[in-house]
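Residues per chain, in single letters:
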Amino acid sequence: MTETIIYWDSFTYKHWKVNLAATNNGLCFLGTHHSSYDELVKWCKKQFPNSHILENSSQLLPYEEELVEYFEGKRKKFTFSFDIRGTSFQMDVWEALNQIPYGQTKCYSDIAHMIGNPKAVRAVGTAIGKNPLSIIIPCHRVLGKNGTLTGYSGGLDVKELLLQHEGIPYKK
């Protein structure tokens, strides 16, 4: 088995702190404020068991540039490729999340219906919690059925910032 090289970098833009990791095939991890380098390493080693992690800011620059454009309000959709791993169910959920337009929301049951499994609402929530590319795969756009703020693996404070950034109303 050949070794996968994973490049990582951390950057701060205004009040946003971001940890990124990518393979030669695309972005594989994004963590925000509450994530750490150790979390990035643990996740990458689990998803890419035969990997070597190298700090390389120039390799992550295209991803950082699009994120800065998003933070500045100039970008509503990301164009780069992903290299993410998950079960087929998780991949279906993450693809459904990617279909939620900027500034709009869905609830968990909407996502379950989108993937053709309307009874899997709880499983959808679990899959959303495993999303390795928060912000990019917009799990922050999923609210409770009545528009309430619900869990977010990156911290509810970060979810609130993202919703406010996109002008999305929500209930606490």
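In this text, all values refer to a predicted model and were calculated from it rather than measured experimentally.

## Here we look at the packing of aromatic side chains
Tallying each qualifying case throughout the model produces 10 aromatic pairs. Summarising the aromatic geometry, the rings of Tyr63 and Phe80 are spaced 4.8 Å apart at their centres and angled 80 degrees between planes, so their arrangement reads as edge-to-face. Taken together, the residues Tyr63 in helix α2 (residues 57-71) and Phe80 in the loop between α2 and α3 (88-98) connect sequence positions 17 residues apart. For Tyr63, a relative accessible area of 10% gives the class buried. An aromatic cluster is defined as three or more aromatic residues linked by ring pairs; in this entry it consists of Tyr13, Trp16, Tyr63, Tyr70, Phe71, Phe78, Phe80, Phe82 and Tyr102.

## Some words on the layout of surface pockets
Estimates place the volume of the largest pocket at around 510 Å³. As for the largest pocket, its lining consists of 22 residues, of which Glu39, Trp43, Gly129, Lys130 and Asn131 are closest to the centre. Looking at the lining of the largest pocket, the elements that each hand over two or more residues are β3 (26-31), α1 (37-47) and α3. The dominant element in the lining of the largest pocket, judged by the number of residues it contributes, is α1, at 5 residues. No fewer than three residues from each of domain 1 (4-72) and domain 2 (88-166) sit in the lining of the largest pocket. When its volume is computed, the second largest pocket comes out at roughly 160 Å³. Forming the walls of the second largest pocket are Lys76, Lys77, Phe78, Phe82, Asn98, Ile100, Pro101, Tyr102, Ile135, Ile136, Pro138 and Arg141.

## With respect to the UniProt feature "domain: Methylguanine DNA methyltransferase ribonuclease-like" (unreviewed entry) in the chain
Taken from the UniProt record, the annotation "domain: Methylguanine DNA methyltransferase ribonuclease-like" (unreviewed entry) applies to residues 6-84. Across residues 6-84 one finds 33% helix and 34% strand; the C-alpha atoms that close the span lie 12 Å apart.

## Observations concerning the domain arrangement of the chain
The domain boundaries assigned to the chain delineate domain 1 (4-72) and domain 2 (88-166). Tallying the contact residues gives 13 residues for domain 1 and 15 residues for domain 2. Regarding the contact of domain 1 and domain 2, the summed buried area is about 1,200 Å², with carbon and sulfur atoms giving 68% of it. Contact with domain 2 buries surface across domain 1, with Trp16, Leu30 and Tyr70 losing the most and accounting together for 45% of the total.

How each quantity is defined
- Residues numbered from 1 in each chain as written.
- Predicted model: local features only at pLDDT ≥ 70, side-chain atom pairs only at ≥ 80, totals over all residues.
- Heavy atoms only, no water.
- Phe/Tyr/Trp six-rings, centres within 6.5 Å; stacked < 30°, edge-to-face > 60°.
- Helix = DSSP H or I, 4+ residues; strand = E, 2+ residues; numbered from the N terminus.
- Buried < 20%, exposed > 50% of the residue type's maximum accessible area, 1.4 Å probe, protein only.
- 1 Å grid on protein atoms, 1.4 Å probe; cavity = no way out; pocket = protein on both sides within 12 Å on 5 of 7 lines; lining within 4 Å.
- Points joined across faces, edges and corners; volume = space filled by probe spheres on them.
- Domains from an automatic or database assignment.
- UniProt positions renumbered as here; feature names shortened; annotations may be inferred.
- Contact = heavy atoms within 4.5 Å.
- Buried area = accessible area lost by both parts, 1.4 Å probe.

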